[in-house]
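Breakdown of the fold
Okay, here's what each chain looks like letter by letter:
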Amino acid sequence: MTSTTAAPGPVTEIELAIGGMTCASCANRVERKLNKLEGVTASVNYATEKARVHAPEGVDPATLVATVEAAGYRATLPQPEKAASEPESEEDPTRPLRQRLLTSALLAVPVILLAMVPALQFTYWQWISLTLAAPVVTWGAWPFHRAAWTNLRHGAATMDTLVSMGVLAAFAWSLWALLFGTAGTPGMVHPFELTIAPSDGAGNIYLEVAAGVTTFILAGRYFEARSKRRAGAALRALLELGAKEVAVLRDGREVRIPTAELAVGDRFVVRPGEKIATDGVVEEGKSAVDASMLTGESVPVEVGEGDAVTGATVNAGGRLVVRATRVGADTQLAQMAKLVEDAQSGKADVQRLADRVSGVFVPIVIGLAVATLGFWLGSGVGTAAAFTAAVAVLIIACPCALGLATPTALLVGTGRGAQLGVLIKGPEVLESTRRVDTVVLDKTGTVTAGRMTLVGVHVAEGVDEAELLRLAGALENASEHPIAAAIARGARERVELPAVEDFTNVEGLGVQGIVDGHAVLVGRTALLEDWSQPVPPDLAAAKAEAESRGHTAVAVAWDGAARGVLVVADTVKPTSAEAIAQLRRLGLTPVLLTGDNAAVAAAVAAEVGIDEVIAEVLPADKLDVVKRLQDEGKVVAMVGDGVNDAPALAQADLGLAMGTGTDVAIEASDITLVRGDLRAVADAIRLSRRTLRTIKGNLFWAFAYNLAALPLAAAGLLNPMIAGAAMAFSSVFVVGNSLRLRGFRSESAATAS
């Protein structure tokens with residue numbers, strides 16, 4: 001990157017959408033061009049196709065756009081706000097590529113068959129091949145020709161350069177042989193011969209090479225483009241979590257307005273079950289607020305007058321009147337969206353493996369073709385023979401199997417992963433899995449079930465447990481509180497619940513009512529004490545012991561005396577301990593990271609076999625923890641399911657989201673685990689590593705075939721059938737090697753069998 005001197009005075013940040021980039025080297029070129037402007041510091045992300053530019057105030061954004069366009073790419077300024085809220089009206093950017101791929105494939109298949117099967121070579125077959133191949137070489141391969149021309153103007157060479165040169169060389173030579181050589185004569189055939197002898201090339205055509213290479217490379221580009229399209233989905237999903245409308249108090253009346261029109265100081269109403277529209281302070285009412293999606297805290301938080309609440313959290317209890325303190329970009333939700341965006345933009349651009357190799361391979365092949373032409377011209381064998389050898393070098397080097405190497409392995413690997421509940425988003429994800437040595441696990445919803453469950457029943461002497469569950473469960477069944485729902489659910493599994501009379505919710509303390517003629521109280525000990533029904537020492541000890549483990553204990557009393565204590569907690573998933581053992585066998589160090597309290601975290605970690613625990617962290621702290629581990633030289637995989645995990649998922653070298661979690665976490669991650677089973681994390685890493693090994697093997701053999709045949713081509717000893725057979729065999733080998741991934745099995749299934 002070109003170094004620049006920081007500009008004095010205030011600096012403004014401008015984001016540009018960049019179009020026309022085909023590889024990471026394109027992003028580097030745009031970045032260098034922007035950084036040459038005075039006072040400008042730019043960072044271009046190939047994955048998100050965005051440039052973040054820090055420029056002195058007063059810089060005309062049109063200057064930045066013009067600079068990008070002068071480099072041969074497209075740039076647009078951010079669209080108005082309404083465009084972001086109507087993603088459904090945006091045209092699918094992969095549609096033109098899909099149309100090119102399907103059309104090219106339909107035309108290329110008969111061309112390849114006619115060239116490779118002598119029995120199909122009827123009179124004038126070569127002219128039919130020319131008619132079918134011409135649209136593929138011109139219209140189908142146009143993206144490669146355009147990129148090659150852009151690269152040429154800037155003195156660069158990428159895989160697009162080699163594809164374009166090989167396709168055009170094969171087509172141009174075929175056209176010359178048909179029009180001016182002997183290939184156009186009626187009855188001409190390509191016999192299936194494996195003899196090696198010099199040829200003047202006048203009777204050889206390479207149309208199947210031109211059409212086949214174009215189709216294969218288009219297929220690879222299409223699948224890559226489809227995965228890249230999801231790059232900005234995390235931010236859209238995050239911002240869509242908020243409430244769309246809000247009931248604002250105006251002159252004592254409730255008026256519903258779009259949330260975007262809220263202003264600081266507005267008072268608005270939040271009913272039970274509704275999302276809180278924006279960050280604010282409670283002015284009236286008491287309730288329990290479910291903030292688990294934002295904070296990771298599994299137990300709803302009790303709020304009352306004077307307490308702060310956060311936008312997008314859910315009111316689980318009574319009616320609240322809230323005064324807005326932060327709106328729009330200042331809210332915690334918007335700040336979290338900014339964290340996700342920063343973490344995504346901060347990721348190092350991962351070049352495709354083929355592009356990295358082509359950086360060396362392409363210039364060598366072009367140089368070899370020129371040297372071959374010069375050598376044979378100097379040897380006096382004739383212009384036709386010299387050009388035949390030079391063109392043969394470009395044709396045999398043209399990466400046919402290379403076009404299949406990554407997409408076929410990725411398609412088979414991701415298809416097998418989908419059957420196992422593992423969704424891998426793209427080829428750039430795979431490299432991270434090979435180097436990962438630390439797995440950071442969110443607790444709520446990942447290691448644990450993510451919802452409160454009745455885990456303990458303690459009864460006073462002489463009290464029947466079924467009776468305790470029957471009376472307390474019936475009363476809690478009438479409440480909307482999540483803890484009450486857990487008790488009612490647990491009680492219903494064991495006993496029949498009777499009807500409740502005179503039910504009352506005592507805000508912040510619990511509930512009371514009449515069940516089967518008994519006056520029942522369920523809630524905090526303070527509620528029982530208000531009715532002069534203190535908890536006896538044995539029940540108080542059971543309650544204290546449960547709370548020391550981070551569980552929630554609820555006291556139950558009826559007919560003037562405390563009768564029992566019910567314990568609810570977020571339970572560990574049955575498969576979590578086995579999953580941790582599998583991760584350790586892969587050489588990974590598990591770390592438990594949670595916004596929950598230390599006692600809960602320690603208890604969960606001990607149960608599943610995790611040694612390192614980091615508890616009571618805020619969303620921004622989770623991001624900082626991942627950064628700190630990375631600064632220590634560790635390669636970090638993050639596993640989570642909540643909105644609060646999204647920034648850390650985006651920052652981690654490898655992000656894995658539980659599919660049972662939020663859309664935001666799923667979109668910010670690299671791999672999605674469809675089922676809520678933590679063992680899928682180990683399966684995902686094993687499958688990703690094996691898929692990456694397959695891709696590397698495919699790339700090796702794709703290049704090996706080309707390199708082995710290059711000396712023959714340079715020597716003028718390569719006839720079209722040998723070239724075609726070698727190309728077909730290398731492609732079949734690559735596909736067959738990729739299909740081996742279909743045999744991948746989950747470690748749990750393999751052990752069971």
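For clarity, every value in this text was computed on a predicted model and none was experimentally measured.

The next point concerns the overall build of the chain. Counting secondary structure elements, the chain contains 28 helices and 26 strands. For the chain, buried positions account for 51% of its 753 residues. For the chain, restricting intrachain contacts to residue pairs at least 6 apart in sequence, the fraction spanning at least 24 positions comes to 71%. As presented, the chain carries roughly 31900 Å² of accessible surface, and 57% of it is formed by carbon and sulfur atoms.

Time to look at the sheet that holds strand β3 (residues 50-56). Pairing between the strands of a sheet comes from backbone hydrogen bonds, and it takes one of two forms, parallel or antiparallel. Taking strand neighbours across the sheet as the criterion, the 4 strands line up as β2-β3-β1-β4 in an open arrangement whose pairing is antiparallel. Bordering the open sheet on either side are β2 (41-45) and β4 (74-76), each of which pairs with just one other strand. In this sheet, adjacent strand axes meet at a mean angle of 25° when their direction is disregarded. Relative to β3, strand β1 (residues 11-19) runs antiparallel, the two sharing 7 bridges. Bridge pairing in β3 links Glu13 to His54. Along the sheet face, helix α2 (residues 61-70) touches β1, β3 and β4 and points at about 35° away from the line of β1.

Before going further, it helps to examine the packing of helix α21 (residues 576-585) against helix α26 (residues 679-714). For the pair α21 and α26, interaxial distance at closest approach is 7 Å and the crossing angle is 25°. Classed by the angle they form, the pair α21 and α26 counts as roughly parallel. Packed against α21, whose contacting residues are Glu578, Ala579, Gln582 and Leu583, the element α26 presents Arg679, Val681, Ala682 and Ile685 at the interface. The residue makeup of the contact of α21 with α26, split by class, is 5 nonpolar, 1 polar and 2 charged.

By secondary structure assignment, the location of Ser688 is in helix α26. Residue classification places Ser688 among the buried positions, given a relative accessible area of 0%. The residues contacting Ser688, other than those within four sequence positions of it, are Ile424, Leu430, Thr433 and Ile671.

This part is about the sheet that holds strand β9 (residues 287-290). The strand order across the open sheet built from 3 strands is β10-β9-β12, with neighbouring strands paired in antiparallel fashion. The sheet is open, and its two edges are formed by β10 (301-303) and β12 (314-315), each paired on a single side. Here β9 runs beside β12; their pairing, made up of 2 bridges, is antiparallel. Pairing of Val289 across the sheet is with Asn315, part of β12.

The subject of this paragraph is the UniProt feature "transmembrane region" (unreviewed entry) in the chain. The residues that UniProt annotates with the feature "transmembrane region" (unreviewed entry) are residues 101-118, 124-142, 162-185, 205-223, 357-378, 384-406, 698-715 and 721-739. Segment residues 124-142 splits into 89% helix and 0% strand. End C-alpha atoms: 27 Å apart. Annotated as residues 162-185, this span is 75% helix and 0% strand, and its ends, taken at the C-alpha atoms, are 31 Å apart.

Moving on to helix α4 (residues 95-116). Given a rise of 1.5 Å per residue, 22 residues ought to cover 32 Å, and the 31 Å separating the end C-alpha atoms of α4 matches this to within 8%. The largest bend in α4 is about 25°, located at Ala108, with the proline Pro110 one to four residues further on. Of all the residues in α4, the buried ones are Leu97, Arg100, Leu101, Ser104, Ala108, Val111, Leu114 and Ala115.

In this section: the confidence of the model for the chain. For the chain, the mean per-residue pLDDT works out to 80, and 82% of the residues sit at or above 70. The element-level mean pLDDT for the chain is lowest in helix α3 (residues 81-84), coming to 40, with helix α5 (residues 125-140) highest at 94.

Looking now at unusual backbone geometry. Although it is not a glycine, Ala312 adopts a positive phi angle of roughly 80°. Residue placement: Ala312 occurs in the loop between β11 (308-309) and β12. Positive phi, normally seen in glycine, also occurs at Asp516, with a value near 50°. By relative accessible area, which is 45% here, Asp516 ends up partly exposed.

Another aspect to go through is the nonpolar core. Core analysis: the largest hydrophobic core is formed by 49 residues, its most contacted members being Ile205, Leu207, Val365 and Val393. For this core, the elements supplying multiple residues, two or more each, are α4, α5, α7 (159-179), α8 (207-228), α12 (353-379), α13 (383-397) and α26. Discounting chain neighbours no more than four positions away, the residues touching Val393 are Val365, Leu368, Ala369, Thr372, Leu710, Ala713 and Ala714. The next biggest cluster of nonpolar side chains, apart from the first, holds 46 residues, and it includes Ala579, Leu583, Ala605 and Ala680.

This next bit is on the environment of Arg679. Tracing the sequence through the fold places Arg679 in helix α26. Spatially, the C-alpha atom of Arg679 lies 8.7 Å from that of Ser746, the residues being 67 residues apart in sequence. Setting aside its immediate chain neighbours within four residues, Arg679 contacts Thr575, Glu578, Ala579, Gln582 and Ser748.

One pass over the structure, following the stated rule, counts 22 salt bridges. Glu465 is the salt-bridge partner of Arg494, the closest N and O atoms lying 3.6 Å from each other. Pair noted here: Arg494 is in the loop between α18 (482-492) and β17 (500-506) and Glu465 is in helix α17 (residues 465-476), with a separation of 29 residues, a long-range link. A network of salt bridges, in which partner residues are shared, links Arg267, Glu283, Glu284 and Arg323.

Quick look at a nonpolar patch on the surface now. A contiguous nonpolar patch, built from Val109, Leu113, Val117 and Leu120 and spanning about 300 Å² of accessible area, is present on the exposed surface. Relative to the assigned elements, Leu120 resides in the loop between α4 and α5.

Looking at helix α22 (residues 598-608), one finds that the buried residues are Val600, Ala601, Val604, Ala605 and Val608. Each buried residue of α22 sits inside an arc of 125° when the element is viewed along its axis, so together they form one side. For α22, the exposed residues set more than 90 degrees away from the buried face come down to Ala606 and Glu607. Considering only its buried residues, α22 is in contact with α16 (443-447), β16 (448-459), β21 (561-572), α21, β22 (589-593) and β23 (612-614). Within two residues after α22, Gly609 carries a phi angle of roughly 95°, on the positive side.

Viewed as axis vectors pointing N to C, α5 and helix α6 (residues 142-153) meet at an angle of 45°, and their least axial separation amounts to 5 Å. Taken together, α5 and α6 sit at an angle that is classed as oblique. Seen from α5, the contacting residues are Val137, Thr138, Trp139 and Gly140; seen from α6, they are Trp142, Pro143 and His145. Each residue belonging to the contact of α5 with α6 can be placed in one class, and the counts come to 4 nonpolar, 3 polar and no charged.

Our focus in this paragraph is the environment of Ala652. Relative to the helices and strands, Ala652 is located in the loop between α24 (646-651) and β25 (654-658). Assessed through its relative accessible area of 1%, Ala652 is described here as buried. The spatial distance from the C-alpha of Ala652 to the C-alpha of Ser669 is 8.9 Å, given a sequence separation of 17 residues.

What counts, and at which threshold
- Residues numbered from 1 in each chain as written.
- Predicted model: local features only at pLDDT ≥ 70, side-chain atom pairs only at ≥ 80, totals over all residues.
- Heavy atoms only, no water.
- Helix = DSSP H or I, 4+ residues; strand = E, 2+ residues; numbered from the N terminus.
- Buried < 20%, exposed > 50% of the residue type's maximum accessible area, 1.4 Å probe, protein only.
- Contact = heavy atoms within 4.5 Å.
- Areas by Shrake-Rupley, 256 points an atom, 1.4 Å probe, with all protein chains shown as cover.
- Pairing = 2+ DSSP bridges.
- Axes fitted to C-alpha atoms, helices over the stretch in contact; angles between N-to-C directions.
- Parallel < 35°, antiparallel > 145°, perpendicular 65-115°, else oblique.
- Nonpolar A, V, L, I, M, F, W, Y, C, P; charged D, E, K, R; others polar.
- UniProt positions renumbered as here; feature names shortened; annotations may be inferred.
- Expected span 1.5 Å × (residues − 1).
- Bend = angle between axes of the 7 residues up to and from the residue.
- pLDDT = per-residue confidence, 0-100.
- Core = buried A, V, L, I, M, F, W, Y, C linked by side-chain atoms within 4.5 Å.
- Salt bridge = Lys/Arg side-chain N within 4 Å of Asp/Glu carboxyl O.
- Patch = residues over 30% accessible without salt bridge, like charges linked within 9 Å, V, L, I, M, F, W, Y side chains within 5 Å.
- Arc of directions from axis to C-beta.

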